[in-house]
Amino acid sequence: MARKRSVVDLCLTPKEEVPGALRYLVSTLVWLLVIGAWSFATYGGFMQDIFLPSPTAVIGAFFRLLDDGTLAQHIWASLQVVVIGFLISSLLAVPLGLLMGTFRVVQAGLEPLVNFIRYLPVTSFVPLFILWIGIGIEQRIMVIFFGTFFQQLVMIADVSRGVSKDLLNASYTLGASRRDALLHVLTPASLPGIVDTLRITMGWAWTYLVVAELVAASSGLGYISMKAMRGFQVDVIFLAIAVIGLLGLFTDTIFRLVRLRLVPWAN
Amino acid sequence: MSAAEILRAAAPVETSAPVAGETPRLRIQDVRLEYATRGKTVVAIDNISIDVPDNQFAVIVGPSGCGKSSLLYLVAGLAQPTSGEILLGDEEVDGPGPDRGMVFQSYTLFPWLTVRENVEFGLKRRKMPAAEREAIVNRYLNETGLAAFHDAYPKQLSGGMMQRVAIARALANDPKILLMDEPFGALDSQTRNTMQKLLLRVWEENRKTVLFVTHDIDEAILLGDRIYVMTARPGRLKEEIIVPIARPRTMDMVMDPEFIAVKRRILELLKNEIKDDEH
Ligand SMILES: Nc1ncnc2c1ncn2[C@@H]1O[C@H](COP(=O)(O)OP(=O)(O)OP(=O)(O)O)[C@@H](O)[C@H]1O
Ligand SMILES: [Mg+2]
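Quick notes on the rules
- Residues numbered from 1 in each chain as written.
- Chains lettered and ligands numbered in written order.
- Predicted model: local features only at pLDDT ≥ 70, side-chain atom pairs only at ≥ 80, totals over all residues.
- Heavy atoms only, no water.
- Helix = DSSP H or I, 4+ residues; strand = E, 2+ residues; numbered from the N terminus.
- Contact = heavy atoms within 4.5 Å.
- Areas by Shrake-Rupley, 256 points an atom, 1.4 Å probe, with all protein chains shown as cover.
- Pairing = 2+ DSSP bridges.
- Axes fitted to C-alpha atoms, helices over the stretch in contact; angles between N-to-C directions.
- Phe/Tyr/Trp six-rings, centres within 6.5 Å; stacked < 30°, edge-to-face > 60°.
- Buried < 20%, exposed > 50% of the residue type's maximum accessible area, 1.4 Å probe, protein only.
- Right-handed = clockwise from strand over helix to strand, strands pointing away.
- Parallel < 35°, antiparallel > 145°, perpendicular 65-115°, else oblique.
- Nonpolar A, V, L, I, M, F, W, Y, C, P; charged D, E, K, R; others polar.
- Patch = residues over 30% accessible without salt bridge, like charges linked within 9 Å, V, L, I, M, F, W, Y side chains within 5 Å.
- Salt bridge = Lys/Arg side-chain N within 4 Å of Asp/Glu carboxyl O.
- Donors = N, O, S within 2.8 Å, 3.2 Å for Na, K, Ca; no water.
- Domains from an automatic or database assignment.
- UniProt positions renumbered as here; feature names shortened; annotations may be inferred.
- Buried area = accessible area lost by both parts, 1.4 Å probe.
- Polar contact = N/O pair within 3.5 Å; in protein donor to acceptor, adjacent residues only side chain to side chain.
- Near = heavy atom within 4 Å.
- Core = buried A, V, L, I, M, F, W, Y, C linked by side-chain atoms within 4.5 Å.

On to the overall build of chain B. The helix and strand tally for chain B stands at eight helices and 10 strands. Of the contacts formed within chain B by residues at least 6 apart in sequence, a portion of 71% connects residues at least 24 apart. Carbon and sulfur atoms make up 50% of the accessible area of chain B, which totals about 12,600 Å².

What follows is the structure, given as structure tokens:
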């Protein structure tokens, strides 16, 4: 019979699994620690509340903005921009990225240009976009698109380039045409990588959203943060940050579930 | 009797000439293959000619890197010879096609398809009706002992089972010839023995022309009707040996004097090759 190993021993062994209960305990503890430090600093009077609001102040701000409907309105405004920008970008980047990773001519044509644009900071284009398309929702969608599209393109091209040539060869010896190979081998083989890419770039899309809303917007979570700064409502800034974090967590969970459903064979 | 005598007694005819009644199904004629890498050309295969008659199990053995995989890729149409030609029946090989099934050295099952869907892949490309497809797939799943696993995904299978699926997948297409590139090379010896037995049984049932690559000499003799021994790179044909052992073959035949004679001969041929390669 195997000797029962102590929990301490398990904790100190690299890559060893530990009991699930212990994992939950540890993550709860870390949260409690952070909130505890925060409470200590604010309720203890170590930080002025115009710089760091107390937890209750942030919860207060939450109910205030929830009651007057502004929170829902701004969440909706932000979500709309992220989702539309991200969808347009993904719908174009997925097929184009697959082609770029599969056909050397497409790669040769696009790669140098895409790599050039990819390293330009999106933020530096914001003034240009404002000049060209104004400060409406289209401008913010453009920022999201510009921030995610070129990254997605390169990442998805890498995914499809990584598909083993042996898989394609196997399909040819089974009678697949080039079109079959593209549709029935390359695309499904790339699917897990595509979902992962979308999941990662979705996180970046939220970042670009806030940048866009901080600069020029009349609604959205970035916009209320900016407005709150001018009015010294630091509790609202904290609320906006927390809400963005939760929305990010929410979209990330959706992508995790999509991956489980869509590519069960890869998990 | 010496090894050479047994062999001579068993194979009195000029070996590469087609025997009456046997049509040479596969003809590899003066095939040469060069790879161009960084300005230098590497000769992988140097003018090989091989005739494999219909319904024969032909095995290629040779030192590592002598061009065995390359030769199969050429027959599969996945690569083009620098010169020479390859004929299957009367048709020249020009590009890959479902008439030449292949089992690869690496695992090449489609991970997003179940065992059943993998076996079905080629039939679907041909747009075969579902009922017909199912009958064929079931037949080969049964023959390869995979019926119980038809709904599993490849990552749930062991290496031996994955190669069984690969064999079933290639056979389901009813190819004229089956190309097998060290299909059991990555398996442990016990699983390999099981797979050899399975392949012998499946082959008895189908009698397809097979071109099989291996570096395992026992495996070559156990499975093959004829064995082509290649030289070290650049790969040339060193000798063609007809295996004088009756079918059906069983595992205990490895102790037969004929078996040992063939083995001794192949070892001798390969020993010289490895020495040649060392300087
Ligand atoms: N794409 C390629 N480009 C350049 N050289 C190659 C290429 N493929 C194979 N070679 C070379 O050609 C020779 C034959 O390779 P091949 O893979 O056919 O040998 P092999 O007999 O199958 O070897 P192994 O026993 O290791 O499987 C080797 O020396 C290899 O380095
Ligand atoms: Mg090889």
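All names here are of chain B. What the six strands build is an open sheet, ordered β6-β7-β8-β3-β9-β10; its pairing is mixed. With partners counted over all chains shown, the strands left at the sheet margins are β6 (100-103) and β10 (237-242), one partner each. Put simply, the sheet's adjacent strands are angled 15° from each other on average, direction ignored. As defined by bridge partners, strand β3 (residues 57-61) adjoins strand β8 (residues 209-213) across four bridges and the pair is classed as parallel. Paired with Ala-58 across the two strands is Leu-211, which belongs to β8.

As a further point, take the packing of aromatic side chains. Residues and elements named next belong to chain A. Summed over the entire model, instances satisfying the criterion amount to 17 aromatic pairs over all chains. Taking 4.6 Å as the distance between ring centres and 45° as the angle between the ring planes, the aromatic pair formed by Phe-125 and Phe-146 counts as tilted. Pair noted here: Phe-125 is in the loop between α5 (104-118) and α6 (126-133) and Phe-146 is in helix α7 (residues 137-161), with a separation of 21 residues, a long-range link. Each member of the pair, Phe-125 as well as Phe-146, carries the same accessibility label: buried. Site record: aromatic cluster; members linked through ring pairs are Phe-125, Phe-129, Phe-145, Phe-146, Phe-149 and Phe-150.

Residue and element names in this part refer to chain B. Of all the five residues making up β8, five are buried; the element is thus mostly covered by neighbouring parts of the structure. Neither face of β8 is exposed, since Thr-209, Leu-211 and Val-213 on one face and Val-210 and Phe-212 on the opposite face are all buried. Note on the crossover from strand β7 (residues 177-181) through helix α6 (residues 189-206) to β8: the handedness is right-handed.

Residues and elements named next belong to chain A. With their axes 8 Å apart at the nearest point, helix α3 (residues 55-67) and helix α11 (residues 234-262) run at an angle of 80° to one another. The angle between the axes of α3 and α11 places the two elements in the roughly perpendicular class. Residues Ala-57, Val-58, Ala-61, Phe-62, Arg-64 and Leu-65 of α3 lie in contact with α11, whose contacting residues are Asp-235, Val-236, Phe-238 and Leu-239. Across the contact of α3 with α11, the residue classes tally to eight nonpolar, no polar and two charged.

To continue, consider a nonpolar patch on the surface. Together, Leu25(A), Val26(A), Leu29(A), Val30(A), Trp31(A), Val34(A) and Ile35(A) line one region of the surface with nonpolar side chains, adding up to about 690 Å² of accessible area. On the secondary structure map, Val34(A) appears in helix α2 (residues 20-43).

All names here are of chain B. Protein ligation of the magnesium ion (ligand 2) involves Ser-69 (OG) and Gln-105 (OE1), the donor distances falling in the range 1.9 to 2.6 Å. With Ser-69 in helix α2 (residues 68-76) and Gln-105 in the loop between β6 and α3 (115-125), this residue pair connects regions lying 36 residues apart in the sequence. Here Gln-105 falls in the partly exposed class, since its relative accessible area comes to 40%.

Our next topic: α3(B). A large share of α3(B) lies buried, amounting to nine of its 11 residues. Among all positions in α3(B), only Val115(B), Arg116(B), Asn118(B), Val119(B), Glu120(B), Phe121(B), Gly122(B), Leu123(B) and Arg125(B) are buried. Contacts from the buried residues of α3(B) go to α8 (165-173) and α9 (178-215) of chain A together with α4 (130-143) and α5 (159-172) of chain B. Lys127(B), located one to two residues past α3(B), shows a positive phi value of around 60°.

Glancing now at the domain arrangement of chain A. Structurally, chain A comprises domain 1 (14-47) and domain 2 (59-266). Measuring from the centre of the C-alpha atoms in domain 1 of chain A to the corresponding centre in domain 2 of chain A gives 31 Å.

Residue and element names in this part refer to chain A. As recorded in UniProt, the sites labelled "transmembrane region" (unreviewed entry) are residues 21-40, 75-96, 116-134, 141-159, 205-224 and 236-258. Along residues 21-40 one finds 100% helix and 0% strand; the C-alpha atoms at either end are 28 Å apart. With 100% helix and 0% strand, the stretch residues 75-96 has end C-alpha atoms that lie 31 Å from each other.

Residue and element names in this part refer to chain A. With respect to the element layout, Leu-71 can be found in helix α4 (residues 70-102). With 169 residues separating them along the chain, Leu-71 and Ala-240 place their C-alpha atoms 8.9 Å apart. The contact partners of Leu-71, leaving out residues within four places of it in the chain, are Phe-62, Leu-65, Leu-66, Leu-239 and Val-243.

Bringing the UniProt feature "domain: ABC transporter" (unreviewed entry) in chain B into the picture now. The sites that UniProt annotates as "domain: ABC transporter" (unreviewed entry) are residues 26-257 of chain B. For residues 26-257 of chain B, the helix share is 32%, the strand share is 28%, and the end-to-end C-alpha distance is 31 Å.

With that settled, the discussion passes to the interface of chain B and chain A. Of the residues lining the interface, 24 residues belong to chain B; the matching set on chain A comes to 18 residues. Contact with chain A buries area across many residues of chain B, yet Trp112(B), Arg125(B) and Lys155(B) alone supply 34% of it, more than any other trio. The interface formed by chain B and chain A holds one salt bridge in total. The partner of Arg125(B) in a salt bridge is Asp180(A), with the nearest N and O atoms 3.8 Å apart. Our count for the chain B to chain A interface comes out at four residue pairs in polar contact (both at pLDDT 80 or more).

Residue and element names in this part refer to chain A. Tracing the sequence through the fold places Thr-251 in helix α11. For Thr-251, the side chain forms a polar contact with the main-chain oxygen of Gly-248, separated by 2.9 Å. Residues within four places of Thr-251 in sequence aside, it is in contact with Met-202 and Trp-206.

So, about the site of ligand 1. Residues and elements named next belong to chain B. Among the 13 residues in the neighbourhood of ligand 1, the closest are listed as Gly-65, Lys-68, Ser-69, Ser-70 and Arg-233. Within the backbone of Cys-66, a nitrogen or oxygen atom sits 3.2 Å from an oxygen atom of ligand 1. Considered on its own, ligand 1 offers 640 Å² of accessible surface; in the complex 65% of this is hidden by protein. When residues of the shell around ligand 1 are traced back to their parent elements, those giving at least two are β1 (24-37) and α2. The element contributing the most residues to the shell around ligand 1 is α2, with three residues.

The tendency in soluble globular proteins is for nonpolar side chains to be buried as a group. Residues and elements named next belong to chain B. Counting residues in hydrophobic clusters, the biggest one holds 52 residues, and the most contacted among them are Phe-57, Met-180, Phe-212, Ile-221, Ile-227, Val-229 and Ile-266. Among the elements that take part in this core, α5 stands out by supplying nine residues, more than any other. Setting aside residues up to four positions removed in sequence, Val-229 forms contacts with Val-61, Arg-236, Leu-237, Lys-238, Glu-239, Ile-241, Ile-266, Leu-269 and Leu-270. Listed in part, the 31 residues of the second largest apolar core include Ile-28, Ala-44, Phe-104 and Leu-179.

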